[in-house]
2 protein chains.
Amino acid sequence: MGRKIAAIIGGGVIGGGWAARFILSGWQVRLYDPDPASRETVLATCERARQSYPALYDVMLPPEGEMSFHSDPAEAVRDAEWIQESVPERLSLKHSVYAEIQKHCPDDAIIASSTSGFKPSDLQAGTRRPGQLIVAHPYNPVYLLPVVELVPSAANSAQFSERAADILRRAGMYPALLRAEIDAHIGDRLLEAVWREALWLLHDDTATTEEIDTIITHGFGLRWAQMGLFETYRIAGGKAGMTHFIEQFGPCLKFPWTRLMDTPELDSALAAKIGRQSDRQSGRHSIDELERIRDANLVTMLRGLKQRRWGAGQHLLDVETQLNEPTTEFTAPMITIRRIIPVDWIDYNGHVNEARYLEIFSLATDAFLAAVGCDQSYVASGKSYFTLETHIRHRAEAYAGDAVLTETLCLSAMGRKLHLMHILRNSAGTELASGEHLLLHIDLKRRKSSTPDKELEAKLSHAAARHSRDMLPAWAQPILGFSS
Amino acid sequence: MGRKIAAIIGGGVIGGGWAARFILSGWQVRLYDPDPASRETVLATCERARQSYPALYDVMLPPEGEMSFHSDPAEAVRDAEWIQESVPERLSLKHSVYAEIQKHCPDDAIIASSTSGFKPSDLQAGTRRPGQLIVAHPYNPVYLLPVVELVPSAANSAQFSERAADILRRAGMYPALLRAEIDAHIGDRLLEAVWREALWLLHDDTATTEEIDTIITHGFGLRWAQMGLFETYRIAGGKAGMTHFIEQFGPCLKFPWTRLMDTPELDSALAAKIGRQSDRQSGRHSIDELERIRDANLVTMLRGLKQRRWGAGQHLLDVETQLNEPTTEFTAPMITIRRIIPVDWIDYNGHVNEARYLEIFSLATDAFLAAVGCDQSYVASGKSYFTLETHIRHRAEAYAGDAVLTETLCLSAMGRKLHLMHILRNSAGTELASGEHLLLHIDLKRRKSSTPDKELEAKLSHAAARHSRDMLPAWAQPILGFSS
């Protein structure tokens, strides 16, 4: 295995999202859709993903995989390791697609369905090799939201499911391996329940689409981006505990609050009403604009949660650990940071805000320090470096989506004093800025300067001996010095 | 009116959250709860709110209001402008509370109920002045989530509802004025629907509390923090439009996917199962820790959305516009920024990350420039300043929750060249850091340096003439200069 070839069967919004996630994870993607117009959708989706997905991470992704479009499904699946089916939700159509796929694909390929409604056993019924087929239901946008419901049936071996989960993890996803198959899995059952209730509210003119959306986005939606239903109510329950809270809460659920026995007749009058209200709410933006706004919002919130080391943000940190090369190579200068400029770094002048230059240089300092042994465990032992003084020179502008790198030189390291210099370049080689930094080694408990450990000191001396200001561009010569 | 006195009746989690929001908005708060233990809860809630709510804003809040605790409800409500009732959800209890309140409160006070279930007409029935009572249902934590469902009945005048909405807005909230009263209003109807479905999943062992929560937090919860149900599906519908999408979607809703006719018997066995699963999921954190984690997450995401000018973040910007003094006074030095250090600014060394110093100095530069006429409309006309060079000196550490200010001096302004200096202090007056900046006036279209408008140039010259380096501490003398 390990061919890293994915066949994407069906090139709609979901198939396009899968294609984007796989190519940006370094997989080759072979796309099949009988409709030639799907090509445009898929390419547009990949372009949006390139603007957003890499910006989730503070390390570089592997080189992008290649994508090809095929008019023959046999060609698309022939040597695929992963085959993702995202065709319309009609069981007979899906069965005919699987028959065609299984005629041509390797026996050890994983065929995964994006179905939001069908159970894997429904899909497997009557297929040639049922054990090869599993449900992998993602959430739109597939290239940003990490969760994917991985639903096996009794026909799938545990090893097969684990192999599928492992591939999804390597594509940066968070596979939730379900313990039982059920129509619509977990998430869409919850969403359907909300839909039914929301349709009644619209039908009865109790609320408009915009009013409902605002109550979600300005209220419990914010809660749910970071803690789910149960963790949120665990807090509401307080010190008495969750069991006690649920027992108290029980009677409330019997209230005749919801009209869930059926849905209102979803006739064309109700559909048109929803359409009108939605136009009023969101019509000032095109669908493409809304997609870009959504993606930038998601990247911004996910990066915030990453900084908080919580929820989906913790997951991104876990992915980064996989992605990050274990060691920064010692070179002169050292390449300390390679990354993509995320959208939340842009200011009203349309370029990277000045504060983000110092953020990059701060990360470059961290990467240099980690490489010489002042890493997380060194900091955990109560020692670190604090910056005393910083000097930044700007040479050229940087924009969202730019690939940039930092080159780091250790100009001097004498006892507790450390003098570093970073040069920021973009992928065209243009010098964007320099950062010069005076740092002091600190005893974190006393918050006072102290001498670094011997091993760290030796590595810093070695770096300082091999790095020199001659390696800097003429415009970036240092100007700072420690007062003695 | 305009007494800015709020009586909080009931000091639980919700009452405490209301108390926190009102004192942090500069109101006097008079709290009544028959249980003396509630005092501790309310004080702890206010303390958490002080650590988080002010950090939502990049401007200072008004001075905090005073809080007093009362054992006699008459004393609490006597001269209140706003009376918030958050007692347990029993109609007879609420009616007796209103009778007591209305015996003693001013006729023009607004009595608002936090009820999540009852309609305002249920609450008003049999009261002395029904038109004085309205539902204002918030979301926990009340001091961070902006939305509040404001539900009038036919007994409330439109002027009364508008006055209530206006007061809530002044407390930084987003009142959603509902068009019709209905049991459980809007948000809790949606939440109840999710609860019922989730209880079935738990009851049948289809999923655990943790699995359900992860699918929410790593999937649609992230979507709902920034776009609601309808705006999200508008995107899924694509260019064919919302009406078409809903018509297509209709048949899916008829699927027998949800078992919503009733709830599973919520007996002690099911409650205990939920308790056990919740302990496994979240038991490593105390409730207090979870509350602090939740608050820091919410502040971080809300600040991200503010930067994106979207959803609840746009609302915060609107609140800031209300809060912000219209002009920065011209003084020598000028006070350009007053703010609280938010939690997302802290790094692994336990203090404000170095990049955030430049973020503050960048905002201080913006505030200075706006004060001399290089404001949003000047930038919109295609002109701005770009930073060429920056020098930062660190003197002392800053921590989350610290109140800080910047003092700004214009050292020189000659044609397109501008030389600024900022000193950062905390509220104890300790000098934390200096920021020295060389800037160039830029033609944003050509991305080249250019001469500022006459009026701006005159104001800058005036500032440079009145500001001098003698006003800087000895340690913060400038070191940068323009090459000629």
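Treat the numbers as computed from the prediction; the structure is a model and nothing was measured.

This part is about the overall build of chain A. Within chain A, the regular secondary structure consists of 16 helices and 14 strands. When burial is assessed residue by residue, chain A has 60% of its 484 residues classed as buried. A fraction of 72% describes how many contacts in chain A between residues 6 or more apart in sequence connect residues 24 or more apart. When the accessible surface of chain A is split by element, carbon and sulfur atoms take 51% of a total near 18000 Å².

Each partner contributes residues to the interface: chain B has 142 residues there, and chain A has 142 residues. The contact between chain B and chain A buries some 14100 Å² in all, and 66% of this surface belongs to carbon and sulfur atoms. Taken together, chain B and chain A are joined by eight salt bridges. Taking the shortest distance from any N to any O, the salt bridge between Arg189(B) and Glu197(A) comes out at 2.7 Å. Taken together, chain B and chain A are joined by 42 residue pairs in polar contact (both at pLDDT 80 or more). Sorting elements by how many residues they give to the side of chain B that touches chain A places helix α8 (residues 209-224) of chain B first, with 15 residues. Class assignment of the residues belonging to the side of chain B that touches chain A gives a composition of 68 nonpolar, 43 polar and 31 charged. In this sheet, strand β10 (residues 383-394) of chain B lies alongside strand β10 (residues 383-394) of chain A in antiparallel orientation, the contact comprising five bridges.

Okay, the relation of the copies chain B and chain A next. Each copy of the sequence occupies a distinct position, and chain B is placed on chain A by a rotation of 180° and an axial shift of 0.0 Å, giving an RMSD of 0.1 Å. Each copy turns onto its partner about a two-fold axis. Looking at the rotation axis and the C-alpha trace of chain B, the residue lying nearest is His391(B), at 2.2 Å. When the interface residues of chain B are mapped onto chain A, 100% of them again lie at the interface, so the same face is used by both copies.

Residues and elements named next belong to chain B. The eight strands are arranged β3-β2-β1-β4-β5-β6-β7-β8 in an open sheet whose pairing can be described as mixed. On the outer flanks of this sheet lie β3 (67-70) and β8 (174-177), each paired with one strand and no other. Taking the axes of each pair of neighbouring strands and ignoring which way they run, one obtains an average angle of 25° across the sheet. Pairing geometry for strand β2 (residues 28-32) and β3, over four bridges, is parallel. By the bridge assignment for β3, Val 29 is matched with Met 67. Lying on the sheet, helix α1 (residues 13-24) is in contact with β1 (5-9), β2, β3, β4 (82-85), β6 (133-138) and β7 (147-151); it crosses β1 at an angle near 170°. Helix α2 (residues 38-52) rests against β2 and β3 of the sheet, and its axis sits at about 165° to β3.

For the rest of this paragraph, the subject is unusual backbone geometry. With an omega of 0°, the peptide bond between Asn140(A) and Pro141(A) qualifies as cis. The step from Ala332(A) to Pro333(A) runs through a cis peptide bond, and the omega angle for that step is -5°. Inspection of the secondary structure puts Pro333(A) in the loop between α13 (311-323) and β9 (334-340). Notably, Arg447(B) is not glycine yet its phi reads approximately 55°, a positive angle. Its place among the elements puts Arg447(B) in the loop between β13 (431-443) and β14 (448-449). In this structure Arg447(B) comes out as partly exposed when scored by relative accessible area, which is 28%.

Right, let's get into the pattern of salt bridges. Within this structure, the stated rule accounts for 52 salt bridges over all chains. Note that Lys306(B) and Glu320(B) form a salt bridge whose closest N and O atoms lie 2.4 Å from each other. Note that Lys306(B) is positioned in helix α12 (residues 287-307) and Glu320(B) in helix α13 (residues 312-323), a separation of 14 residues in sequence. Per residue, the accessibility class of Lys306(B) equals that of Glu320(B), and both read buried. The salt bridge involving Arg356(B) is made with Glu359(B); its shortest N-O contact spans 2.5 Å. Of this pair, Arg356(B) and Glu359(B) both sit in helix α14 (residues 354-371), three residues apart, which is roughly one turn of that helix. Per residue, the accessibility class of Arg356(B) equals that of Glu359(B), and both read buried. In this structure, a network of salt bridges that share partners links the residues Arg48(A), Asp288(A), Glu291(A) and Arg292(A).

Below, the discussion takes up the packing of aromatic side chains. Two aromatic rings are characterised by how far apart their centres lie and by the angle between their planes. On inspection of all chains with the given rule, the structure shows 17 aromatic pairs over all chains. Centroid distance Trp195(A) to Tyr233(B): 5.3 Å. Interplanar angle 65°. Geometry classified as edge-to-face. One end of the pair, Trp195(A), is in helix α7 (residues 187-203); the other, Tyr233(B), is in helix α9 (residues 229-237), on a second chain. Accessibility classification places Trp195(A) together with Tyr233(B) in one group, the buried group. Summarising the aromatic geometry, the rings of Phe220(A) and Trp224(B) are spaced 6.3 Å apart at their centres and angled 80° between planes, so their arrangement reads as edge-to-face. With Phe220(A) in helix α8 (residues 209-224) and Trp224(B) in helix α8, this residue pair bridges two chains.

Next up on the list: the nonpolar core. Ranked by internal contacts, the top residues of the largest apolar core, which has 192 residues, are Trp82(A), Ile83(A), Ile212(A), Trp82(B), Ile83(B) and Ile212(B). Here Ile83(B) is in contact with Ala7(B), Ile9(B), Val77(B), Ile101(B), Cys105(B), Ala109(B), Ile110(B), Ile111(B) and Ala112(B), once residues within four sequence places are set aside. Judged by nonpolar contacts, the second largest core, of 28 residues, contains Trp345(A), Ala398(A), Leu432(A) and Ile392(B).

What follows concerns the side chain of Thr390(B). With respect to the helices and strands, Thr390(B) occurs in strand β10. Thr390(B) sits in the buried class, given a relative accessible area of 0%. Within polar-contact distance, the side chain of Thr390(B) engages the side chain of His437(B) at 3.3 Å. Excluding residues that lie within four positions of it along the chain, Thr390(B) makes contacts with Glu354(A), Thr390(A), His391(A), Ile392(A), Leu358(B), Glu436(B), His437(B) and Leu480(B).

Residue and element names in this part refer to chain A. The end-to-end C-alpha distance of helix α2 (residues 38-52), which contains 15 residues, comes to 21 Å, matching closely the 21 Å that a straight helix rising 1.5 Å per residue would cover. Ser 38, Val 42, Thr 45, Cys 46, Arg 48, Ala 49 and Ser 52 are the residues of α2 that are buried. The buried side chains of α2 occupy one side of the element, clustering within an arc of 160° when seen end-on. Tucked inside the fold, the buried residues of α2 contact α1 (13-24), β2 (28-32), β3 (67-70) and α12 (287-307).

The next subject is the confidence of the model for chain A. Across chain A, the average pLDDT comes to 90, with 95% of residues at 70 or higher. Interface predicted TM-score (ipTM) for the complex: 0.84; the corresponding pTM is 0.85.

Rules behind the numbers
- Residues numbered from 1 in each chain as written.
- Chains lettered and ligands numbered in written order.
- Predicted model: local features only at pLDDT ≥ 70, side-chain atom pairs only at ≥ 80, totals over all residues.
- Heavy atoms only, no water.
- Helix = DSSP H or I, 4+ residues; strand = E, 2+ residues; numbered from the N terminus.
- Buried < 20%, exposed > 50% of the residue type's maximum accessible area, 1.4 Å probe, protein only.
- Contact = heavy atoms within 4.5 Å.
- Areas by Shrake-Rupley, 256 points an atom, 1.4 Å probe, with all protein chains shown as cover.
- Buried area = accessible area lost by both parts, 1.4 Å probe.
- Salt bridge = Lys/Arg side-chain N within 4 Å of Asp/Glu carboxyl O.
- Polar contact = N/O pair within 3.5 Å; in protein donor to acceptor, adjacent residues only side chain to side chain.
- Nonpolar A, V, L, I, M, F, W, Y, C, P; charged D, E, K, R; others polar.
- Pairing = 2+ DSSP bridges.
- Least-squares fit on C-alpha atoms with pLDDT ≥ 70 in both.
- Axes fitted to C-alpha atoms, helices over the stretch in contact; angles between N-to-C directions.
- Phe/Tyr/Trp six-rings, centres within 6.5 Å; stacked < 30°, edge-to-face > 60°.
- Core = buried A, V, L, I, M, F, W, Y, C linked by side-chain atoms within 4.5 Å.
- Expected span 1.5 Å × (residues − 1).
- Arc of directions from axis to C-beta.
- pLDDT = per-residue confidence, 0-100.

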